[in-house]
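# An overview of the molecular structure
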Amino acid sequence: MANTLVPAKGNELGLTTPRAAHSFCDLLHPEGARVLASYGQNWYAGWPCLTCHDVGKGQAYYIGTRTDGDFLADFYGALSRKLGLQRDLDGQWPEGVSVRKRAADGRDFVFLMNFNNAPAVVTWQNPALQVNLLDAAGGPLPGRIELPAYGIAVLSQAISTTERV
């Protein structure tokens, strides 16, 4: 079964591009939820497939169909912008590399994990992230690191030798 997810004009997330909907199509009754997109084809045409409902101080979104990665990138990107979420690292990295930031004792730690079976390059613009705590040499980093296949790194600010892990 193939269908399309068609964003409602002027929806609060600014979604505009129709995307694939497949595998199943829930028939939604919004009952207080706002309709952000509807099905575009077959007898489902016009039925809601993406809704948003205010709950307490938050919102609950429901996607009533299986979609492709393009829609998910559009949706989560728009939602991130709406919520003012920031990336854990201001930089670039390929698919298959996980970037997670944690903080302790006034210091940021950025964990890079390459889940690919090939090396991956990660670049960033934050000059404070100067060292890979897992590198015994501990030299300063130029805003770029190459992770080996399945490799990891932990980026942080430069620290004194007495603090080194």
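Keep in mind that what you see is a predicted model, and the values were worked out from it rather than measured.

Parameters at a glance
Residues numbered from 1 in each chain as written. Predicted model: local features only at pLDDT ≥ 70, side-chain atom pairs only at ≥ 80, totals over all residues. Heavy atoms only, no water. Helix = DSSP H or I, 4+ residues; strand = E, 2+ residues; numbered from the N terminus. Buried < 20%, exposed > 50% of the residue type's maximum accessible area, 1.4 Å probe, protein only. Pairing = 2+ DSSP bridges. Axes fitted to C-alpha atoms, helices over the stretch in contact; angles between N-to-C directions. Salt bridge = Lys/Arg side-chain N within 4 Å of Asp/Glu carboxyl O. Phe/Tyr/Trp six-rings, centres within 6.5 Å; stacked < 30°, edge-to-face > 60°. pLDDT = per-residue confidence, 0-100.

### A closer look at unusual backbone geometry
- Unusually for a residue other than glycine, E31 sits at a positive phi of about 35°.
- Locating E31 in the fold gives a position in the loop between strand 2 (19-25) and strand 3 (34-39).
- Under the relative-accessibility criterion, E31 is labelled exposed at 70%.
- Its identity is not glycine, yet Y150 carries a phi of approximately 60°, on the positive side.

### Thoughts on the sheet that holds strand 7 (residues 91-92)
- Read across the sheet, 3 strands follow the order 7-10-12 without closing on themselves; strand pairing throughout is antiparallel. Each having just a single partner strand, strand 7 and strand 12 (144-147) make up the two edges of the open sheet.
- Bridge count for strand 10 (residues 120-124) against strand 12 is 4 bridges, and the pairing is antiparallel. Paired with T123 across the bridge in strand 12 is R144.

### What to know about the pairing of strand 9 (residues 107-114)
- Examined bridge by bridge, strand 8 (residues 97-104) and strand 9 share 8 bridges and lie antiparallel to one another. The residue of strand 9 that forms the bridge with A103 is D108.
- The loop that links strand 8 with its antiparallel partner strand 9 comprises 2 residues; one of these, D105, has a positive phi angle of about 50°.
- Across 5 bridges, the pairing between strand 9 and strand 13 (residues 152-156) is antiparallel. Bridged to M113 within strand 13 is I152.

### Re the sheet that holds strand 3
- Taking strand neighbours across the sheet as the criterion, the 6 strands line up as 5-4-3-1-2-6 in an open arrangement whose pairing is antiparallel. Strands at the two margins of the open sheet, each flanked by one partner only, are strand 5 (58-63) and strand 6 (65-67). Direction aside, neighbouring strands of the sheet carry axes that sit 30° apart on average.
- Direction of pairing for strand 2 relative to strand 6: antiparallel, over a ladder of 3 bridges. Pairing of H22 across the sheet is with R66, part of strand 6.

### With respect to the pattern of salt bridges
- Scanning all chains against the criterion turns up 6 salt bridges.
- Measuring nitrogen to oxygen at the nearest pair gives 3.0 Å for the salt bridge that ties E12 to K82. Of this pair, E12 sits in the loop between strand 1 (2-7) and strand 2 while K82 sits in helix 1 (residues 69-83), and the two are 70 residues apart along the sequence.
- Where R19 meets D70, a salt bridge forms, and the shortest distance between an N and an O atom there is 3.8 Å. Of this pair, R19 sits in strand 2 while D70 sits in helix 1, and the two are 51 residues apart along the sequence.
- Counted as one network, the salt bridges with shared partners bring together E12, R34, D54 and K82.

### Examining the packing of aromatic side chains
- A full pass over the atoms with the stated rule returns 5 aromatic pairs.
- Each ring, one from Y39 and one from Y44, has its centre 5.6 Å from the other, and the planes form 55°; the classification is tilted. Comparing Y39 with Y44 shows no difference in burial state: the two are buried.

### With respect to the confidence of the model for the chain
- Of all residues in the chain, 94% attain a pLDDT of 70 or more, and the chain-wide mean is 90.
- Of all secondary-structure elements in the chain, the lowest mean pLDDT belongs to strand 11 (residues 131-132), at 88, while strand 3 reaches the highest, 98.

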